[in-house]
Amino acid sequence: MTLDGKIPGGPISEKWERRKFENKLVNPANRRKYEIIIVGTGLAGSSAAAALGEQGYRVKLFCILDSPRRAHSISAQGGINAAKNYRNDGDSIYRLFYDTVKGGDYRAREANVYRLAQLSVDIIDQCVATGVPFAREYGGLLDNRSFGGAQLSRTFYARGQTGQQLLLGAYQSMLRQVDAGNVTLFPRREMLDLVVVDGQARGIVTRNLITGDLERHEGQAVLLCTGGYGPVYYLSTNAINSNVTAAWRAHKRGALFANPCFTQIHPTCIPVSGDHQSKLTLMSESLRNDGRVWVPRKKEDTRPPEQIPEEERDYYLERRYPSFGNLVPRDVASRAAKERADEGFGVGETGLSVYLDFKEAIDRLGVETIRARYDNLFEMYKHITAEDPYKVPMRIYPAIHYTMGGLWVDYNLQSTIPGLFVLGEANFSDHGANRLGASALMQGLADGYFIASYTVANYLAGASLSKVSTDHGAFKEAAATAQARIDQVLRVKGTRTVRQFHRDLGHIMWDYVGMARTESGLNAAIQKIRALRDDFWKDVAVSGEQSNLNPMLDYAGRVADYMEFAELLALDALHRNESCGGHFREEYQTPDGEARRDDDHYSYVGAWEFTGVGTQPVLHKEALEFQEVRPSQRSYK
Amino acid sequence: MPAKTITVNLKVWRQPAKDQPGRMVDYVAKDISTDMSFLEMLDVVNEDLIRKGEDAIAFDSDCREGICGACGCVINGIPHGPDAGATTCQLHMRRFTDGQTITVEPWRAKSFPVLKDLTVDRSAFDRIIASGGYISAGIGGAQDANSILIPRSIAEEAMDSAACIGCGACVAACKNAAAHLFTGAKITHLALLPQGAPERALRVVRMVGQMEAEGFGACSNEGECEAVCPKLIPISNIAKLVREYTRAWWRGTT
């Protein structure tokens, strides 16, 4: 299989225009003849449903929760980037493109990133038109803040709830199409398989999470907008229901999975307090605009922070990276925190945290300004820790947050299965080995509002699609496969709960496939994952029945998929003998502890083909060509 | 505050399915760290039930940081429990004492039928928003974002209303099971913005009509909704709803 990214010709700034013109169109009168399945209602799914519904396609939209408004995009706090240059501080589409390619440690496709930067401008306009209440200045113009990896202010925000407001905007636009009869909603449905007929994606099998019934849905194209796979680490900032199942089942049907080892560890999360914890909570990167990160200069210093005088504090980010300071990219900030904690300078009961201190900002700007900027985050912190960050520094530590890897897609966002498109975090395309802050929201909306409607139309207009009903053999086989897996889980009747297995898997992943990886550690991880997977199928305990609402059964299916997927993630990390972005292999670092890339051997997208559970997958490579930005050692010093 | 361990006695509403009778069932939650969230405590209770082969308590939850609106139960008679301005997932066990009895019930409202245990069907909220709770801006071709000037105070006020997470606590707290705070918050958000002006009258008429069609009750201005709202959305949003509705009536939209 050769991976053709289908990148349009011509200068980078004209590629998307060219592709839009090359694309075939579907006559408005014919659009109603096409049924499009969209799975997931986050920013990518809701915006794609709004755009395709508005154009007149019949859209079936599936969501795992009770309402599309709750998708995990809602948790994004800090903001969304756009190259508007409203601040007159040197921004441009080219600079956002450059920052994103560099921030991704030169492992993203240039043409995709450039398009993303171009569309960023339209996204802000679109969101304002639909009533998103972005922060404003007194003159009524839009306000901006800074985010990591950039030396200017290009981030638009709505308090600390930007994801919520953008998602509700897309949700409302999508519901407008429900109102118009173009989009049909299917809440509380989980996709359990992709149906492929004659090599084309033609439908899905879902489980109705209220009745337990398996349902078959046919369409002419399937769009997966199902997010990332962070919870393979058990504890992450992801939501409880975020999972890899839809993507993984599509992978098993032939869609290649690209760069799974590119996982993002966010530097500012509330630290782990005990084994009972079900998730970790992010404290937005925007806090690093005003908060200063430090640890004591003295090892194992147990004095409370306010008793440690200024000269005995180590503001290690400002010390190591004077030009970006506290606003270095996430991968760099996370590793720096781990380095200090590993050396014994960490704070808190476990020693696994560092301070994020607002005292200087409060003294300089006044408590009211800080309150206006971050109050909901400070409140959230207080609820969880019972400490008041207006008075004592926050304690933070890195945690799994986002996954850059995902199903492989070409420039048209189409996977290796014709008719299967993958949008948002679920695909691998735009962030390389590390995503910059405030770029996930941008990608979700670019893919959904502005890209999919063009490329899906081109596919439909050009594809030869036979008539397929849900009685087709492929539907029956997919439904039977899904049913067999449910039966298998219920048959075990073991002694250990799904959560116990998930937690054990998370420990393996965090310890060996987390912030620092080694060849021997990854080999050990693969063995441990296989052993745990065997145990799972021998000893998992699931109570309740299939034909009823049973969240534990849903959870068991997802963890079963993580058990398989985790191995691929570790294998990918093992094969990539270099450090880049979120993938840090201890063997490959510079003398001062920075990531050392190997462009001669690893400047490619690693896309894996499924060959069976526990058997070696086949690696396919898409070479990355850099014509605009010359890859160099990333420096934020 | 260092964590300690407590034991609490739970009385939990168990109902096998939508149209079946339910009842309160007693459980003892032992060795609960006061650092746990309320939902993590329920996770622990569920782990024990599963190990005993019993059906786990079904409840909705997703982000577990107070923004998605998925979680919510009535804890000791109060939707989302005793902390003001917090969702159920943000409530921590340090708020309870050793040996305390805690009742846990689902939202109770005709328009939110119980599906199982603590899980209810809130799709009525989606249908209210689908009845005009949007701005009809087509995708593509929007004017430059800064060509619409919105005074900061107006943008902030709109944001106060837009902060609603659609959890349904307002309905659960209301003796009439009214959805005026939820509906009023969206109407207020969009009515305050210039982009929302053209559809202002039709929007309030349609949304209120859908709200009534879903079977939500009338508002009798007692303010329980405001008291339990995890995002502290004020009852003035209901006044705004009424004002918008009256305005539409005067203009002959109803």
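Residues numbered from 1 in each chain as written. Chains lettered and ligands numbered in written order. Predicted model: local features only at pLDDT ≥ 70, side-chain atom pairs only at ≥ 80, totals over all residues. Heavy atoms only, no water.

Novice: Is there a simple way to explain the overall build of chain B in this structure?
Specialist: Each helix and strand counted, chain B has eight helices and seven strands in total. Considering only C-alpha atoms, chain B reaches an extent of 60 × 40 × 35 Å along its principal axes. Counting every position in chain B, which comprises 254 residues, the buried fraction comes to 60%. For chain B, the share of sequence-separated contacts (at least 6 apart) that also reach a separation of at least 24 residues comes to 70%. Approximately 9600 Å² of chain B is accessible, and the part contributed by carbon and sulfur atoms is 52%. Both charge centroids of chain B, one from 27 positive and one from 30 negative side chains, sit 4 Å from each other. (Helix = DSSP H or I, 4+ residues; strand = E, 2+ residues; numbered from the N terminus. Buried < 20%, exposed > 50% of the residue type's maximum accessible area, 1.4 Å probe, protein only. Contact = heavy atoms within 4.5 Å. Areas by Shrake-Rupley, 256 points an atom, 1.4 Å probe, with all protein chains shown as cover. Lys, Arg positive; Asp, Glu negative; His and termini not counted. Charge placed at Lys NZ, Arg CZ, Asp CG, Glu CD.)

Novice: Sorry if this is basic, but what is going on with the interface of chain A and chain B here?
Specialist: Buried accessible area, meaning the area lost when the parts come together, often serves as the stated size of an interface. In this complex, chain A contributes 75 residues to the contact, which on the side of chain B involves 81 residues. Interface area, chain A with chain B, both sides summed: about 6500 Å², of which 51% is carbon and sulfur. Run the count over chain A and chain B and you get nine salt bridges. With a closest N to O distance of 3.7 Å, B:Glu47 and A:Arg499 form a salt bridge. Our count for the contact surface shared by chain A and chain B stands at 47 residue pairs in polar contact (both at pLDDT 80 or more). Those elements that place two or more of their residues in the side of chain A that touches chain B are helix 3 (43-55), helix 5 (110-129), helix 6 (162-179), helix 11 (367-385), helix 12 (440-462), helix 14 (498-513) and helix 16 (551-575) of chain A. With eight residues, helix 6 of chain A is the single largest residue contributor to the side of chain A that touches chain B. Grouping the constituent residues of the side of chain A that touches chain B by class yields 33 nonpolar, 28 polar and 14 charged. (Buried area = accessible area lost by both parts, 1.4 Å probe. Salt bridge = Lys/Arg side-chain N within 4 Å of Asp/Glu carboxyl O. Polar contact = N/O pair within 3.5 Å; in protein donor to acceptor, adjacent residues only side chain to side chain. Nonpolar A, V, L, I, M, F, W, Y, C, P; charged D, E, K, R; others polar.)

Novice: What exactly am I supposed to notice about the sheet that holds strand 9 (residues 214-218) of chain A here?
Specialist: By definition, the strands of a sheet pair up through backbone hydrogen bonds, in either a parallel or an antiparallel sense. Residues and elements named next belong to chain A. In spatial order, the strands read 7-8-9; together these three strands make up an open sheet with antiparallel pairing. At either margin of the open sheet sits one strand with a lone partner, and together these are strand 7 (189-197) and strand 9. Each neighbouring strand pair of the sheet contributes to a mean axis angle of 25°, computed without reference to strand direction. Bridge count between strand 7 and strand 8 (residues 200-208): eight bridges; the pairing is antiparallel. Note on strand 8: the bridge partner recorded for aspartate 193 is valine 205. (Pairing = 2+ DSSP bridges. Axes fitted to C-alpha atoms, helices over the stretch in contact; angles between N-to-C directions.)

Novice: What is the right way to look at the nonpolar core in this model?
Specialist: One broad rule of soluble globular proteins: the nonpolar side chains tend to lie buried together. Residues and elements named next belong to chain A. The biggest cluster of nonpolar side chains holds 220 residues, and the ones touching the most others in it are Ile38, Ile80, Phe134, Leu223, Val232 and Leu420. With 16 residues, the top contributor of residues to this core is helix 16. Ranked by size, the runner-up nonpolar core spans 31 residues in total, among them Val293, Tyr321, Val332 and Ala336. (Core = buried A, V, L, I, M, F, W, Y, C linked by side-chain atoms within 4.5 Å.)

Novice: Help me out: how do you make sense of the packing of aromatic side chains in this one?
Specialist: What characterises a pair of aromatic rings is the spacing of the ring centres plus the angle enclosed by the ring planes. Residue and element names in this part refer to chain A. Applying the stated criterion across every chain yields a total of 33 aromatic pairs over all chains. Between tyrosine 94 and tyrosine 114, the ring centres sit 6.3 Å apart and the planes meet at 65°, which makes this aromatic pair edge-to-face. With tyrosine 94 in helix 4 (residues 93-103) and tyrosine 114 in helix 5, the pair connects residues that are 20 residues apart, well separated along the chain. A relative accessible area of 34% places tyrosine 94 in the partly exposed class. (Phe/Tyr/Trp six-rings, centres within 6.5 Å; stacked < 30°, edge-to-face > 60°.)

Novice: Just to check I follow, could you spell out the side chain of A:Gln414 for this structure?
Specialist: All names here are of chain A. Relative to the helices and strands, glutamine 414 is located in the loop between strand 17 (406-407) and strand 18 (420-422). The exposure class of glutamine 414 is buried, given its relative accessible area of 13%. Setting aside its immediate chain neighbours within four residues, glutamine 414 contacts Trp408, Val409, Gly419, Leu420, Phe421 and Tyr459.

Novice: So what exactly am I meant to see when it comes to the packing of helix 6 of chain A against helix 12 of chain A here?
Specialist: Angle between the axes and distance between the axes: these two values describe a pair of packed helices. All names here are of chain A. For the pair helix 6 and helix 12, the least separation of the axes is 11 Å and the interaxial angle reads 10°. When the interaxial angle is binned, helix 6 and helix 12 end up roughly parallel. Note on element contacts: helix 12 touches helix 6 through Leu441, Leu445 and Tyr449, opposite Thr162, Gly163, Leu166, Gly169, Ala170 and Ser173. Residues belonging to the contact of helix 6 with helix 12 are distributed by class as follows: five nonpolar, four polar and no charged. (Parallel < 35°, antiparallel > 145°, perpendicular 65-115°, else oblique.)

Novice: Help me out: how do you make sense of helix 6 (residues 200-213) of chain B in this one?
Specialist: At 3.6 residues per turn, the α-helix brings residues three or four places apart onto the same side. Residues and elements named next belong to chain B. If you check helix 6, its first and last C-alpha atoms are 20 Å apart, about what 14 residues at 1.5 Å a residue would give, namely 20 Å. Buried residues of helix 6: Arg200, Ala201, Arg203, Val204, Val205, Met207, Val208 and Met211, and no others. Contact partners of the buried residues in helix 6: helix 2 (123-129), helix 5 (180-192) and helix 8 (236-250). Glycine 215, located one to two residues past helix 6, shows a positive phi value of around 95°. (Expected span 1.5 Å × (residues − 1).)

Novice: Could you clarify how one ought to interpret the side chain of A:Ser286 in this entry?
Specialist: Residues and elements named next belong to chain A. Mapped onto the secondary structure, serine 286 falls in the loop between strand 12 (263-269) and strand 13 (292-296). Under the relative-accessibility criterion, serine 286 is labelled buried at 0%. A polar contact of 2.7 Å, which involves the side chain of serine 286, links it to the side chain of serine 284. Apart from the residues within four sequence positions on either side, serine 286 is in contact with Gly78, Arg145, Phe147, Tyr374 and Leu377.

Novice: Could you clarify how one ought to interpret helix 11 of chain A in this entry?
Specialist: End to end, helix 11 of chain A covers just 20 Å across 19 residues, shorter than the expected 27 Å (1.5 Å per residue, more than 12% under). The positive-phi residue at the C-terminal boundary of helix 11 of chain A is A:Ala386, with phi of around 65°.

Novice: What am I meant to see in the state of the cysteines here?
Specialist: In protein structure, a disulfide is the covalent linkage between the sulfur atoms of two cysteines. All names here are of chain B. Going through the model one piece at a time under the given rule, you end up with zero disulfides over all chains. Here cysteine 71 stays free of any disulfide, with the sulfur of cysteine 89 as its closest cysteine sulfur at 3.9 Å. For the unlinked cysteine cysteine 170, the closest cysteine sulfur is that of cysteine 167, found at 6.4 Å. Residue class for cysteine 170 comes out buried when judged on its relative accessible area of 10%. (Disulfide = S-S within 2.5 Å.)

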